[in-house]
Amino acid sequence: MNMAVKQNISVFKFQGIISIFVIFCSYVFACRAQSYILDDEKGLGREFDGIGGLSGGGATSRLLVNYPEPYRSQVLDYLFKPNFGASLHILKVEIGGDAQTTDGTEPSHMHYEDDENYFRGYEWWLMREAKKRNPNITLIGLPWAFPGWIGRGKNWPYDYPDITVYYVVSWIIGAKQYHDLDIDYVGIWNERNFDSKYIKLLRYTLDKHGLERVKIIASDNLWEPISLFMMLDTELRDVVDVIGAHYPGTYTVADAVKTGKKLWSSEDYSTFNDDIGGGCWARILNQNYVNGLMTSTISWNLVSSYYEDLPFGKDGLMTAQEPWSGNYLVESPIWITAHTTQFTQPGWSYLQTVGHFKHGGSYVALTDGLGNLTIVIETMTHDHSVCIRPPLPGFNVSAQNATFSLKGSFSTLTVLQVWYSRFDFKTRKTTYFKQLSPIKLSDGSFTLNLNVDEVYTLTTITTGKKGSYPKPPDSKPFPKKYLDDFNVRNPSFTEAPYFADQTGVFEYFINMSDPGDHVFTLRQVVTQRPVTWVADADQTISVIGDHSWQNMTVSCDIYIETANKGGVFVAGRVTKGGGEVRNTKGIFFWVFADGTYKVTNDLRGEIVLTEGLSGTRAGVWHTLTLRIEVSISLSSFRLRLQWHLSLC
């Protein structure tokens, strides 16, 4: 016992954070340390499936593709490179459906029934980059929305399940055929109703196409009613491999456990990535298994790479929202992830001996079955680990001594590597993922003096590393002067840099019919309302720039393709995006194919400031210019507008 206590003291002297009182307590009250046994003699717990990040739901990685090198590759390394940063085991992506799915729209591989293009968007690229860094990474696809032709005029994907299955399976086949990507899991419809007939047909069709290895997750919503349906329907239970729940609050339900299926928190976190967000992530990564037997936790979102003024700004594992400057931020959730991911792999197993400490916090232990052992400990306090959802019931955590006794095949271990993080909310001298001196075991036991808001990893694995790159460029606002003529003959991506589609899809388009200056264009290509996930706007819109701008001039050459009913607008000072985009305010200058114009204060076009004749018509290029000047004083607010229209 004395040897264990002395080792404990030497570790904390190395950190430089103990006091005389702590040393005194270590000696005087060591006998009061609570004991915890880690043992594999009676078998193992559930198989561990990995920790992951989610790109999509929607357009959350939109700006990442526009980062210049080497900064783009550095961000990717922090996310995916083994033994460097987060070292993620899983990448889950949205199967784009041409509709708004939280922070933007992601393009479908099939805008229309007779259209197939497996190079649209950036999720293909992201999966390739993840695989390049970690060939063993698990890939998951999940639809949020579907192109309109799937619903045949209804906002519902299940009336013609064979069509929906064909669409989803085509995406999986295209991933392999065009990008050599093997999709490991596929979901049903994010946070919306499932259909048992559809799920069974999906399994049948996957098998028919030689895709038996692709497993099904259902239903990416709540534990119920999918768990009950599976209990009552043996055929459904047979075809579903994983029950995936969102934001479960670390708990599951009895029916889900009774199915005998893998249980995942298939979307979780969704919290601002400051230190409280890091604390949230530390707590749920452990307690999702301790409380709920969940063997995988996936963060929404992977990386905050969208305009911060869109919904859920900076809710990713790290932040990369300024491709124009190259600036990015490696946030605390990256290093909290590393505490688990760098010292485990999918296929390892949890021990049955996991749980809560007497004075708060939790511990898990995992093994590869070959002699390796990893223990992850967290002592996050309530107020420093609140996630955005669900509400967190009260609990208490206090400093404590914990003695671990290793039994079974681990009883002969003599040393463990130690990695340590501590959130310091008083002095802000926070420590992230620091390697400490190895801890020596005495007769298979060791004691730790645990403070609050700490994370430990103790492991036999010796390959852990805190990777780093030189400091990226300083943060800068979006350029005040920006011009794009879309003159890109072979673009790497279908979207123009920095444009964030909020309703509709805007793609590079080579206009071979134009003999003049408008061969290279950006074209809105969705003409049928999708099967939506939220209430998309009735008008297509893409945003770019800085939400804080007040005085500005926006000018664009525009071409109306639809005679009589077609129209185009440019706008400034747009207030909303994401799921609230249809309610956005701003200054909108509209022109229509019937020769009229109007200026409105909203995207709906209902708050009309002025209107009249414009002479615009379809099939002709026009230059549309909107100038906004704002004058603010203590006693008044003035808005001056100018708009101009000319033939190109």
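Residues numbered from 1 in each chain as written. Predicted model: local features only at pLDDT ≥ 70, side-chain atom pairs only at ≥ 80, totals over all residues. Heavy atoms only, no water.

What counts here: UniProt positions are given in the numbering used here, feature names are shortened, and annotations may be inferred rather than shown by experiment.
If you check an unreviewed UniProt entry, the chain appears there as Galactocerebrosidase from Huso huso. Under the UniProt heading Sequence similarities (unreviewed entry), the note attached to the chain is "Belongs to the glycosyl hydrolase 59 family."

**Concerning the state of the cysteines**
The test is simple: Disulfide assignment relies on a single distance test, namely cysteine sulfur atoms paired within 2.5 Å. Secondary structure follows DSSP: runs of H or I at least 4 residues long count as helices, runs of E at least 2 residues long count as strands, and numbering of each begins at the N terminus. A 1.4 Å probe rolled over the protein chains alone gives each residue an accessible area, and that area as a share of the maximum for its type sets the label: buried under 20%, exposed over 50%, partly exposed in between.
Per the counting criterion, the structure on display carries one disulfide. In this model Cys 280 forms its disulfide with Cys 387; the gap between the sulfur atoms is 2.0 Å. Given an S-S torsion of about 100 degrees, the disulfide between Cys 280 and Cys 387 has right-handed geometry. Taken together, the residues Cys 280 in helix H11 (residues 275-290) and Cys 387 in the loop between strand S16 (373-378) and strand S17 (400-406) connect sequence positions 107 residues apart. This pair shows no difference in class: Cys 280 is buried, exactly as Cys 387 is.

**What about the sheet that holds strand S1 (residues 34-38)?**
So the rule is basically this: When DSSP finds two or more bridges between a pair of strands, those strands are recorded as paired. Fitting a line to C-alpha atoms yields each axis, with helices limited to the stretch in contact; the angle taken between N-to-C directions then spans 0 to 180 degrees.
The strand order S1-S17-S20 describes an open sheet built from three strands, whose pairing is mixed. Only two strands of the sheet have a single neighbouring strand rather than two, namely S1 and strand S20 (445-450). In this sheet, adjacent strand axes meet at a mean angle of 25 degrees when their direction is disregarded. Both S1 and S17 contribute to a ladder of five bridges, which runs parallel. If you follow Tyr 36 over to S17, its bridge partner there is Phe 404.

**Some words on the packing of helix H4 (residues 123-133) against helix H6 (residues 161-179)**
Cut-off, in case you're wondering: Each angle gets one of four labels, with under 35 degrees taken as roughly parallel, over 145 as roughly antiparallel, 65 to 115 as roughly perpendicular, and the rest as oblique. Each crossing gets its handedness from the near helix: less than a right angle anticlockwise from the far helix is left-handed, clockwise is right-handed. Working rule for contacts: check all heavy atoms of both residues, and any pair within 4.5 Å makes them a contact.
The N-to-C vectors of H4 and H6 enclose an angle of 60 degrees; their axes lie 12 Å apart at closest approach. The orientation of H4 with respect to H6, classified from their angle, is oblique. Note on packing geometry: the crossing formed by H4 with H6 is right-handed. Between H4 and H6, the contacting residues are Trp 124, Met 127 and Arg 128 on the first element and Trp 171, Gly 174, Ala 175 and His 179 on the second.

**Overview of empty space enclosed by the protein**
Convention followed: The pocket and cavity definitions rest on a 1 Å grid over protein atoms only: a 1.4 Å probe that fits but cannot leave marks a cavity, an open set with protein on both sides within 12 Å along at least five of seven lines marks a pocket, and residues lining either have an atom within 4 Å of a point. Grid points are joined across faces, edges and corners, and a volume is the space filled by probe spheres set on the points. Throughout, the ten residues Ala, Val, Leu, Ile, Met, Phe, Trp, Tyr, Cys and Pro are labelled nonpolar, Asp, Glu, Lys and Arg are labelled charged, and all others, Gly among them, are labelled polar.
One pass over the full model with this rule turns up six cavities of 30 Å³ or more. Its boundaries defined by the atoms lining it, the largest cavity holds a volume of some 100 Å³. Looking at the largest cavity, it is lined by 14 residues, and the ones nearest its centre are Gly 96, Pro 107, Arg 120, Trp 124 and Trp 171. Sorting the residues of the lining of the largest cavity by element identifies strand S4 (90-95) and H4 as the ones contributing at least two each. Taken together, the residues of the lining of the largest cavity break down into six nonpolar, four polar and four charged. Roughly 70 Å³ of volume is contained in the second largest cavity.

**Some points on the pattern of salt bridges**
It is possible for side chains bearing opposite charge to pair when their charged atoms get close. Note the cut-off: Should a side-chain nitrogen of Lys or Arg be within 4 Å of a carboxyl oxygen of Asp or Glu, the pair is scored as a salt bridge.
Here the structure, examined in full by the defined rule, presents 24 salt bridges. Across the pair Arg 203 and Asp 207 runs a salt bridge whose closest N-O atoms are separated by 2.9 Å. Taken as a pair, Arg 203 and Asp 207 lie in helix H7 (residues 196-208) at a separation of four residues, close to a single helical turn. With relative accessibility at 10%, the residue Arg 203 sits in the buried group. Classification of Asp 207 by relative accessible area gives partly exposed; the value is 32%. Here Glu 629 and Arg 627 are joined by a salt bridge, their closest N and O atoms 2.8 Å apart. What makes Glu 629 partly exposed here is its relative accessible area of 23%. You can call Arg 627 partly exposed: its relative accessible area is 36%. When salt bridges with common partners are traced through the structure, they connect Asp 77, Glu 129, Lys 132 and Arg 133 into a single cluster.

**What to know about the side chain of Thr 341**
Position of Thr 341 among the secondary structure elements: in helix H12 (residues 332-341). Contacts of Thr 341, omitting those with residues within four sequence positions, involve Ile 51, Ala 86, Ser 87 and His 89.

**Comments concerning H4**
With eight of 11 residues buried, H4 lies mostly within the body of the structure. All of the buried residues along H4 are Glu 123, Trp 124, Trp 125, Leu 126, Met 127, Glu 129, Ala 130 and Arg 133. Looking at the buried side of H4, the elements it contacts are strand S3 (50-55), helix H3 (71-80), S4, strand S5 (138-143) and H6.

**Some points on unusual backbone geometry**
Here the amide bond leading from Gly 57 into Gly 58 is cis, since omega sits at -15 degrees, within 30 degrees of zero. By the element assignment, Gly 58 lies in the loop between S3 and H3. Here Arg 389 and Pro 390 are connected by a cis peptide whose omega angle stands at -15 degrees. Tracing the backbone through its elements, the reader meets Pro 390 in the loop between S16 and S17.

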